[in-house]
Amino acid sequence: MFFSGDPTSRKRVALGGRSSKERDTQKLMEQTRMERDRRLWQRKQNASAIKIQKCFRGRKAAKAERAKVREQFLSRYGSYCQNAERCCFCPDSDYFRQLFFFFNARNAGDFTILVETCRGILNLVRDNDNIVSLFAGVDYSAVLALVDHRVKNLAYICILSLYQNRSHFRQQLLVPDADSVMQATVLLEAVAALIDPKLPWACKAVSYLCQKNVFALFREIVLAERENAKTSSSTGNLSGVEHITGILISHSGQNSCSCPNVDPKFCFSSQMLTVPFLWKIFPSLKGVFSTQGLSQHYIHQMSLCLQNHTNLLPSDISAEYPGYACLLGNILEAAGVTLSQPACPFEMAVDLAAVSTFLLEALPPIKSSSQKAKEDAAMIEEDADSADDIQIVLDKDLERQIITGIDSRFLLQLLPCVLLQINVLFGGISAVGDDRSVVAIGAACALLHVTFNTLPLERVMTVLAYRTELVRVLWEFMKNCHDNKRWSSLPEHLSLLPGDSPGWLLPLAVFCPVYKHMLMIVDNEEFYEQERPLSLRDIRSLIVILRQALWQLLWLNPTAPNASAKTTSRENTSKQNPNESIKHRVSIVASELLSQLQDWNNRREFTPPSDFHADGVDDFFISQAVVDGTKANEIMKLAPFLIPFTSRVKIFNSQLVAVKQRHGPHGVFARNRFTIRRDRILEDAYNQMSALSEEDLRGLIRVTFVNELGVEEAGIDGGGIFKDFMENITRAAFDVQYGLFKETVDHLLYPNPGSGLIHEQHLQFFHFLGCLLAKAMFEGVLVDIPFATFFLSKLKQKFNYLNDLPSLDPELYRHLIFLKHYQGDIAGLELYFVIVNNEYGEQTEEELLPGGRNLRVTNENVITFIHLVSNHRLNFQIRQQSSHFLRGFQQLIQKDWIDMFNEHELQLLISGSLESLDVDDLRIHTNYAGGYHKEHYVIDMFWDVIKGFSLENQKKFLKFVTGCSRGPLLGFKYLEPLFCIQRAAGNASDEALDRLPTSATCMNLLKLPPYRSKEQMEAKLLYAINAEAGFDLS
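No experiment lies behind these values; they were computed from the predicted model shown.

**Quick word on the overall build of the protein chain**
Then, in step 1: Each helix and strand counted, the protein chain has 45 helices and 10 strands in total.
Then, in step 2: Residue burial in the protein chain is summarised as follows: out of 1034 residues, 49% are buried.
Then, in step 3: When the accessible area of the protein chain is evaluated, it comes to approximately 50,100 Å², of which 51% is carbon and sulfur surface.

And the structure:
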């Protein structure tokens, strides 16, 4: 390079990494480490080889020694022990020492020696020889350890031999009447003789067998023989395995037993009770297990294990027979016998409830036959979506065993044992977790909650509602907690909920559905007069508790899963997060019960309607409620009664406005114009409206009337004539003279069950009437049609029950109530499950159940009979008419909109109320024109005249000026446009003042001449509103 002129030299930096010397050192260290690891591995290999050789040589030597001892034994005692004598079993003999040393259960010769040994022992015992002296000689205490060792080992190798040769002894092990000469029978009889409870070594022998997991061996034996055992006929005798098992469990369950604790994983409960249908295989063992002390011991043992969340059960036999399901079925079947015994201990009942709860929680939901039929189609449709969801399907017989186990008898036996311990009537309930009252509530509610989620409800709900004190006891508990403002936390191991869960959660989950079911059959006299099952004062307190709980669950602390999720997802949520699942469940059942109590309050008010309203409903909540997907909107769908009625009406109106705006491109110009003859209004309206599409129905309809002379009336429809048309058409269509509707004794309308006998196309007419009513509501036209409550419930797709029957047929209702409270033998009344229909003189007989003509009504099934009769009259007879009416109605009015209101509120939505015809309210919201003002003397005179009208004339006046005889539901503030009074006959001459007042209903306008006196004004107004001149008067 050329010299740059810079005298300083730059520092040279090596970029090649470490020096070669460094690299050589690192390599050497790595090689040394690898060499050290190789030598270590070689030493381990050598040590392992030495151990293997040592083990092999040891086993080989032991095998040779066993063969040697076996040869000595055979040469001394013979191949069939023919040379063995009584002295061979004495302590000084080496007979058992040699036998135990060389014995191999899989060796046929050894097995024969064991059988002949046992046969010899049994023969000596049968010859009245004392088995203790046979083994111990004169003094048992002197050779106690040796004798105990020999006895328990002999018993064990007998059982082990049967287990290892179980395939060889098919159809012998579980046969009750097996021949005593058979080898399996000899061994089993010998074991039974060796562990006889009277023997001094019984405790040690049983303890040893249990520690050697003998129940696991018996389980495998039973499973191998299960099919043969199920098909074999029972003769009342015990099989050998059953007899030995009975001895073992009886000894272990004794309080005086000093045996050490056995691993629960290998105890009787875990191993034997998980065998499917154990009691069919061992029917006598069921009686032994069901004795109170024994079952209490094993059930308590299971409850302790469940508290520790220990998995003790062996592997499932198959997917159809999961261990927990088999265990539950056997426990429930035996519990029926246990609970039937007198004085069942409280502790045992609580343990049984806790174990049943835990096992039921693990079960897949068991559907009733009707539920399965409904879900079949849905499952086919969702096949692709649910490919990853593996559903457990139980064996049908196992499912039947569980369902039969939790029957009315089981509940009637278990619940009194638990609930009678609750002393809530005397003093408060403490919040201590181990308080007997709280424990009882936790055990009962947890079991019933899981039962509701798992088993078909119809099997248990009627029993709980009408044959137990559950509702009263739960209410007393909840009332005490609420009054003391202190809810007790339920024990976590009983409730299956976290310890910090609200104390009211589980009791409400059980109380609400049971009380709701009870209210379905409670009659009005019981509820209002006798105040049963709860007093009206208590019901008012219950409403407060339910309202506060709902508001906390839905608004303040919303944690429930989405109700639209699939069933399988909800089931998984229930298993993974029971706290969230139960909160969701309580929000549903509490909402249903509150809705039902609101219905009772509407029939006869016992509490102010505002008691059902939540305290936190404000303008923000209302603004959110109209937006789909918001929390407030979900509350509106699930519990609309929490929101005041006026707020819901505003929301309903806003939804109607939104729909009209979406379908409003047609503007003010209506595409649909009807020409209606007043004397043929129904036929003309049916023909023209039925031709409209759903979209056209939402649009404007303008009407031209033709009078009786065939001349078109002069009025121009700006909305007022349409309102008049709606009033007239609904009055004509729903007239009972037309035959489509009938009246109750209270003059309320419901579909005529015999409408098909009058009109051939009656169902098409009901569809039209549904559209007609929906159009009136859609356009905000109130129509004076008083519907029966049980028919309005059909618009909400609800069922009617006994308490709705008085409005339809009071006489039938009285007869059913007589039957319900009849103290004698109802079978003597000769009633059957049939009902007679009488329509227009034509009598027909229908069965309420298949084969009902031959099924007599008795004291046991009378509640079912009452339910079916009520259902037939209130639901079944009008099902077709109601269905077609609803189909037409939902063309314009969505179900979600109607679900915001109960039946009473729905009637107000249709017809308004007489209270809405408030003259003072109308005066406040009135405009004036043409020289009139609110202090004008003519206006003062006008309002005095209107106030003096009768209610009927006030309604006629309102119809005259607005086209509708009912005022707006929320008051005249919401009349569009506001009512206006305009001065007519401006010169006030006598001829002008002789004119009648006229109106423009499309503008809610009254054209009123300035009459000089009240008398003249009253006469002119009455003449105008009663002339019924249609729109010719204008």
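There is more to say after this.
**Here's the deal with the sheet that holds strand S10 (residues 1005-1008)**
Then, in step 1: The strand order across the open sheet formed by 4 strands is S7-S8-S10-S9, and the pairing between neighbours is mixed. Whereas interior strands pair on both sides, the edge strands pair on one side only; in this sheet they are strand S7 (926-929) and strand S9 (998-1000). On average, each strand axis in the sheet is inclined to that of its neighbour by 25°, with strand direction left out of account.

**Things to note about the UniProt feature "active site" (unreviewed entry) in the protein chain**
Then, in step 1: According to UniProt, the feature "active site" (unreviewed entry) maps to Cys 1002 in the numbering used here.
Then, in step 2: Position of Cys 1002 among the secondary structure elements: in the loop between S9 and S10.

**As for the pattern of salt bridges**
Then, in step 1: Applying the stated criterion to the full structure yields 40 salt bridges.
Then, in step 2: Residue Glu 526 pairs with Lys 820 through a salt bridge whose shortest N-O separation is 2.6 Å. One end of the pair, Glu 526, is in helix H24 (residues 524-529); the other, Lys 820, is in helix H36 (residues 810-820), and 294 residues separate them in sequence.
Then, in step 3: A residue is classified by how much of its surface remains accessible, and Glu 526, at 7% relative accessible area, is buried.
Then, in step 4: For the salt bridge of Arg 698 with Glu 694, the shortest nitrogen-to-oxygen distance reads 3.1 Å. Remark: Glu 694 and Arg 698 occur in helix H32 (residues 694-698); sequence separation between them is 4 residues, near one turn of the helix.

**Re unusual backbone geometry**
Then, in step 1: The step from Arg 532 to Pro 533 runs through a cis peptide bond, and the omega angle for that step is 5°.
Then, in step 2: Here Pro 533 is to be found in the loop between H24 and helix H25 (536-556).
Then, in step 3: For the bond running from Glu 976 to Pro 977, omega is -15°, close enough to zero to count as cis.
Then, in step 4: Locating Pro 977 in the fold gives a position in the loop between helix H43 (951-962) and strand S8 (979-983).
Then, in step 5: Phi angles above zero are rare outside glycine, and Lys 485 is one such case at about 55°.

**A word on the side chain of Thr 245**
Then, in step 1: Inspection of the secondary structure puts Thr 245 in helix H9 (residues 240-252).
Then, in step 2: Once residues within four sequence positions are removed from consideration, Thr 245 is found in contact with Phe 215, Phe 218, Phe 268, Met 272 and Leu 285.

**Quick look at the nonpolar core**
Then, in step 1: Counting 277 residues, the largest nonpolar core has Phe 135, Tyr 515, Phe 725 and Ile 893 as the members making the most contacts within it.
Then, in step 2: Leave out the neighbours within four places in its chain, and Phe 135 touches Phe 89, Cys 90, Pro 91, Phe 96, Ile 121, Val 147, Val 151, Leu 154, Leu 194 and Trp 201.
Then, in step 3: Of all hydrophobic cores here, the second largest spans 28 residues; its members include Val 919, Phe 942, Phe 957 and Leu 1008.

**So, the packing of helix H31 (residues 681-689) against helix H33 (residues 720-733)**
Then, in step 1: Orientation of H31 relative to H33, taken along the N-to-C sense of each, is 105°, at an axis distance of 9 Å. Considering the angle they form, H31 stands roughly perpendicular to H33. Between H31 and H33, the residues in contact are Ile 681, Leu 682 and Ala 685 and Phe 725, Asn 728, Ile 729, Ala 732 and Ala 733, respectively.
Then, in step 2: Considered class by class, the residues forming the contact of H31 with H33 number 7 nonpolar, 1 polar and no charged.

**Regarding helix H23 (residues 505-521)**
Then, in step 1: Look at H23: 26 Å from first C-alpha to last across 17 residues, which is about the 24 Å you get at 1.5 Å a residue.
Then, in step 2: In terms of burial, H23 is a largely internal element, 16 of the 17 residues being buried.

**Some points on the packing of aromatic side chains**
Then, in step 1: Throughout the structure, instances matching the rule amount to 53 aromatic pairs.
Then, in step 2: Ring centres of Phe 787 and Phe 791 lie 5.4 Å apart, and the angle between their planes is 50°; this geometry places the pair in the tilted category. Of the two residues, Phe 787 and Phe 791, neither departs from the other in class, the shared state being buried.
Then, in step 3: Grouped by ring-pair contacts, the aromatic residues Phe 73, Tyr 77, Phe 89, Tyr 95, Phe 96, Phe 100, Phe 102, Phe 135, Tyr 140 and Trp 201 constitute a single cluster.
Then, in step 4: Sitting over the ring of Tyr 528, Arg 604 keeps its end group 4.3 Å from the ring centre.
Then, in step 5: Directly above the aromatic system of Phe 705 lies the positively charged group of Arg 678, at a separation of 3.8 Å from the ring centroid.

**What about the pairing of strand S2 (residues 701-706)?**
Then, in step 1: A large share of S2 lies buried, amounting to 5 of its 6 residues.
Then, in step 2: Here 6 bridges tie strand S1 (residues 672-677) to S2, and the two strands are oriented parallel to one another. Across the sheet, Thr 675 pairs through a bridge with Thr 704, a residue of S2.

**Considering the packing of helix H21 (residues 470-484) against H23**
Then, in step 1: Axis separation between H21 and H23 bottoms out at 10 Å; the angle between their running directions is 135°. With respect to H23, the element H21 is oriented oblique. In the packing of H21 onto H23, the handedness of the crossing is left-handed. Residues Leu 470, Val 471, Leu 474, Trp 475, Phe 477 and Met 478 of H21 form the contact with H23, whose own contacting residues are Pro 507, Leu 508, Val 510, Phe 511, Val 514, Tyr 515 and Met 518.
Then, in step 2: Considered class by class, the residues forming the contact of H21 with H23 number 13 nonpolar, no polar and no charged.

**Some remarks on the side chain of Asn 875**
Then, in step 1: Here Asn 875 is to be found in helix H37 (residues 862-876).
Then, in step 2: Separated by 2.6 Å, the side chains of Asn 875 and Lys 794 make a polar contact.
Then, in step 3: Discounting chain neighbours no more than four positions away, the residues touching Asn 875 are Lys 794, Lys 798, Phe 799, Asn 800 and Ser 870.

**A word on a nonpolar patch on the surface**
Then, in step 1: Together, Leu 757, Ile 758 and Tyr 840 make up an exposed nonpolar region whose accessible area comes to about 320 Å².
Then, in step 2: Its place among the elements puts Ile 758 in the loop between strand S4 (749-751) and helix H34 (762-778).

**A closer look at the state of the cysteines**
Then, in step 1: In the structure shown here, the tally under the stated rule is 0 disulfides.
Then, in step 2: Among the cysteines around Cys 305, which has no disulfide bond, Cys 267 carries the closest sulfur, lying 6.6 Å off.

Reading the values: rules and limits
- Residues numbered from 1 in each chain as written.
- Predicted model: local features only at pLDDT ≥ 70, side-chain atom pairs only at ≥ 80, totals over all residues.
- Heavy atoms only, no water.
- Helix = DSSP H or I, 4+ residues; strand = E, 2+ residues; numbered from the N terminus.
- Buried < 20%, exposed > 50% of the residue type's maximum accessible area, 1.4 Å probe, protein only.
- Areas by Shrake-Rupley, 256 points an atom, 1.4 Å probe, with all protein chains shown as cover.
- Pairing = 2+ DSSP bridges.
- Axes fitted to C-alpha atoms, helices over the stretch in contact; angles between N-to-C directions.
- UniProt positions renumbered as here; feature names shortened; annotations may be inferred.
- Salt bridge = Lys/Arg side-chain N within 4 Å of Asp/Glu carboxyl O.
- Contact = heavy atoms within 4.5 Å.
- Core = buried A, V, L, I, M, F, W, Y, C linked by side-chain atoms within 4.5 Å.
- Parallel < 35°, antiparallel > 145°, perpendicular 65-115°, else oblique.
- Nonpolar A, V, L, I, M, F, W, Y, C, P; charged D, E, K, R; others polar.
- Expected span 1.5 Å × (residues − 1).
- Phe/Tyr/Trp six-rings, centres within 6.5 Å; stacked < 30°, edge-to-face > 60°.
- Lys NZ or Arg CZ within 6 Å of the ring centre and 35° of its normal.
- Left-handed = near helix turned anticlockwise from the far one by under 90°.
- Polar contact = N/O pair within 3.5 Å; in protein donor to acceptor, adjacent residues only side chain to side chain.
- Patch = residues over 30% accessible without salt bridge, like charges linked within 9 Å, V, L, I, M, F, W, Y side chains within 5 Å.
- Disulfide = S-S within 2.5 Å.

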